[in-house]
Amino acid sequence: MDESVEVLCETQGEAGIITLNRPRALNALNLTMVREMRRALDAWARDPAVTRIVVQGAGEKAFCAGGDIRQLTEDLRAGKRDEALAFWREEYQLNIAIKRYPKPYISLIDGICMGGGVGVSLHGTVRAAGDRYLFAMPEVGIGFFPDVGATYALPRLPGQTGMYLALTGERVRRADAVMLGLATHAVPSGNIEGLRQALIAGDPVEVALSRVVTDPDQAPLEAERDLIDSCFSADSVTDILARLDQAAEKGSDFAARTVAGMRAKSPTSMNLAFEQVRRGATMDFEEAMRTEFRIVSRIGDGHDFYEGVRAVLIDKDNQARWQPASLETVDRAVIEHHFASLGERELEIA
């Protein structure tokens, strides 16, 4: 495929096909791609010849590894706040359009699905996971927060698994994803092309899936569910860490690994994510997206987003120096401010 066209939107048979086409950038989203996807989806919603949407990523490594975070931080540093916020505004509006979409919306995910890739797949009808499926919302590790609808979706996962994913950024493979509901179907990688052709041919979606679906095998995370629920139901991030420490002292290797990983994340981001998941449990989808736009409109005012991107994506030393450096010194008023109304600058929901 010609990589100069960053997203391909075309009709084939009964399907509107969206191909994220930046394989060398792991199909990371930018504003041009968001706008083209929205344009195509709006047109196909009105086209009776298109009966379903199929979304896929070019290449074998990634469905979509997220938004183009490096570019967004460069824009913020350069004072181009309006440009950065335009991406997030229109990306979140696209997430809402997908959630509301009137036709089956099927994502074929065989590779990395993180950040913005979650936003363009999780809120649709079907998430078919191939053998290489890999999900994560790793934003607390770069001083950001789980967005693109995570405020709504994570609290609705089983037990406290959503809080666990938000605060740890842990990677989830296919068996766990199906168990949690992040993926709806396990499909062998070798069968994905046949599924795509059946969807193009107009076969009923569930019939097409039934021909290729496979047993996702035992979910490793299932064995840790009780521990996750007992630790991540605590009333603060500090208390969650204390419960994990206690479990680690009693011999849980899982708790020891989890708590060590969390202590390397941004204290501010973990507090934001904790509040998101707590508050999101009672929000509808539109309110959750409005809340996320409030947070993202203020994330560039702090220190940790720039430092996290430097440490993880630019210098890659993984030695972020967070400010503040401890959970105990995070100002509660700063967290509350991220959730406050933007007044006239609130996210518009069409």
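Data block above holds the structure.
Everything numeric here is computed off the predicted structure, so don't read it as measured data.

K.L.:
Looking at this model, I keep getting lost on the overall build of the protein chain. Mind explaining?
P.N.:
Within the protein chain, the secondary structure is distributed over 16 helices and 10 strands. Relative to a compact globule of 350 residues, whose C-alpha radius of gyration would be 20 Å, the protein chain shows 20 Å and is just as compact. Per-residue burial for the protein chain yields a buried fraction of 55% across its 350 residues. When contacts within the protein chain are restricted to residue pairs at least 6 apart in sequence, long-range pairs at least 24 apart make up 73% of them. A total accessible area of about 14,700 Å² is found for the protein chain, and carbon and sulfur atoms account for 47% of it. The positive charge centre, built from 40 side chains, and the negative charge centre, built from 52, are 1 Å apart in the protein chain.

K.L.:
Would you explain the environment of valine 207 in this entry?
P.N.:
In this structure, valine 207 sits in helix α9 (residues 205–212). For valine 207, a relative accessible area of 37% gives the class partly exposed.

K.L.:
Explain the sheet that holds strand β6 (residues 112–114) here, please?
P.N.:
The strands making up a sheet are joined through hydrogen bonds of the backbone, oriented either antiparallel or parallel. Judged by pairing direction, the sheet is mixed, and its four strands sit side by side in the order β4-β6-β8-β9 without closing on themselves. With partners counted over all chains shown, the strands left at the sheet margins are β4 (62–64) and β9 (172–173), one partner each. For strand β8 (residues 134–136) and β9, the ladder comprises two bridges, and the chain directions are antiparallel. Within β9, the residue paired with phenylalanine 135 across the bridge is valine 172.

K.L.:
Looking at this model, I keep getting lost on the side chain of glutamine 56. Mind explaining?
P.N.:
Within the secondary structure layout, glutamine 56 lies in strand β3 (residues 52–57). The exposure class of glutamine 56 is buried, given its relative accessible area of 13%.

K.L.:
Which parts of the structure should I look at to understand the pairing of β3?
P.N.:
Put simply, side chains in a regular strand alternate between the two faces of the sheet. With five of six residues buried, β3 lies mostly within the body of the structure. Judged from the six bridges that link them, strand β2 (residues 15–20) and β3 form a sheet pairing that is parallel. Along β3, the bridge assignment pairs threonine 19 with glutamine 56. Once you follow β2 into helix α1 (residues 31–45) and on to β3, the crossover reads as right-handed.

K.L.:
Can you help me understand the side chain of aspartate 147 in this one?
P.N.:
Mapping aspartate 147 onto the fold places it in the loop between β8 and α5 (150–153). In this structure aspartate 147 is buried but unpaired, with arginine 89 as the nearest side chain of opposite charge at 13 Å. The residues contacting aspartate 147, other than those within four sequence positions of it, are Trp88, Glu91, Tyr92, Met137, Glu139 and Glu292.

K.L.:
So what exactly am I meant to see when it comes to the sheet that holds strand β5 (residues 105–109) here?
P.N.:
The six strands are arranged β1-β2-β3-β5-β7-β10 in an open sheet whose pairing can be described as mixed. Across the chains shown, the open sheet's two edge strands, defined by having one partner strand only, are β1 (7–12) and β10 (185–186). Most of the contacts of helix α8 (residues 192–201) go to β3, to which it runs at about 155°, and overall it touches β1, β2, β3, β5 and β7 (126–129).

K.L.:
Sorry if this is basic, but what is going on with helix α6 (residues 161–168) here?
P.N.:
Quick reminder: α-helices carry 3.6 residues per turn. Residues three or four places apart thus point the same way. Taking burial as the measure, the eight residues of α6 include eight buried ones, the bulk of the element. Three or more residues of α6 are buried, namely Thr161, Gly162, Met163, Tyr164, Leu165, Ala166, Leu167 and Thr168. Phi for glycine 169, located one or two positions after α6, is positive at around 65°.

K.L.:
Teacher, can you tell me more about the packing of aromatic side chains here?
P.N.:
Any two aromatic rings considered together are summarised by their centre-to-centre distance and by the angle between their planes. All told, the structure shown has 11 aromatic pairs when counted by the stated rule. Summarising the aromatic geometry, the rings of tryptophan 88 and phenylalanine 144 are spaced 5.7 Å apart at their centres and angled 25° between planes, so their arrangement reads as stacked. Highlighted residues: tryptophan 88 in helix α3 (residues 81–99) and phenylalanine 144 in the loop between β8 and α5, separated in sequence by 56 residues. Taking the relative accessible area as the measure of exposure, phenylalanine 144 reaches 2% and is therefore buried. On the numbers, 5.5 Å between centres and 85° between planes, the contact of tyrosine 164 with phenylalanine 232 is edge-to-face. On the criterion of sequence distance, the pair formed by tyrosine 164 in helix α6 and phenylalanine 232 in the loop between α10 (225–231) and α11 (237–249) is long-range, its members being 68 residues apart. Three or more aromatic residues link up through ring pairs in this structure, and these residues are Phe87, Trp88, Phe144, Phe145, Phe305 and Tyr306.

K.L.:
Could you clarify how one ought to interpret the nonpolar core in this entry?
P.N.:
Inside soluble globular proteins, nonpolar side chains tend to come together where they are buried. Core analysis: the biggest nonpolar cluster contains 94 residues, and Trp88, Leu167, Leu182 and Phe232 have the highest contact counts within it. With eight residues, the single largest contributor to this core is α3. Setting aside its immediate chain neighbours within four residues, phenylalanine 232 contacts Gln160, Met163, Tyr164, Leu167, Thr168, Ile240, Leu244, Thr258 and Met262.

K.L.:
Got a minute to help me understand the environment of glycine 119 in this structure?
P.N.:
Along the polypeptide, glycine 119 turns up in helix α4 (residues 116–119). Considered as a pair, glycine 119 and cysteine 64 are 55 residues apart in the sequence and their alpha carbons are 9.7 Å apart. Among residues more than four places away in sequence, those in contact with glycine 119 are Asn95, Ile98 and Val148.

K.L.:
So what exactly am I meant to see when it comes to the pairing of β1 here?
P.N.:
Note: β1 against β2, six bridges, orientation antiparallel. Within the sheet, the bridge partner assigned to cysteine 9 lies in β2 and is isoleucine 18. Between the antiparallel neighbours β1 and β2 lie two residues, among them glycine 13 with a positive phi of about 55°.

Definitions and cut-offs
- Residues numbered from 1 in each chain as written.
- Predicted model: local features only at pLDDT ≥ 70, side-chain atom pairs only at ≥ 80, totals over all residues.
- Heavy atoms only, no water.
- Helix = DSSP H or I, 4+ residues; strand = E, 2+ residues; numbered from the N terminus.
- Rg over C-alpha atoms; globule rule 2.2 N^0.38 Å.
- Buried < 20%, exposed > 50% of the residue type's maximum accessible area, 1.4 Å probe, protein only.
- Contact = heavy atoms within 4.5 Å.
- Areas by Shrake-Rupley, 256 points an atom, 1.4 Å probe, with all protein chains shown as cover.
- Lys, Arg positive; Asp, Glu negative; His and termini not counted.
- Charge placed at Lys NZ, Arg CZ, Asp CG, Glu CD.
- Pairing = 2+ DSSP bridges.
- Right-handed = clockwise from strand over helix to strand, strands pointing away.
- Salt bridge = Lys/Arg side-chain N within 4 Å of Asp/Glu carboxyl O.
- Axes fitted to C-alpha atoms, helices over the stretch in contact; angles between N-to-C directions.
- Phe/Tyr/Trp six-rings, centres within 6.5 Å; stacked < 30°, edge-to-face > 60°.
- Core = buried A, V, L, I, M, F, W, Y, C linked by side-chain atoms within 4.5 Å.

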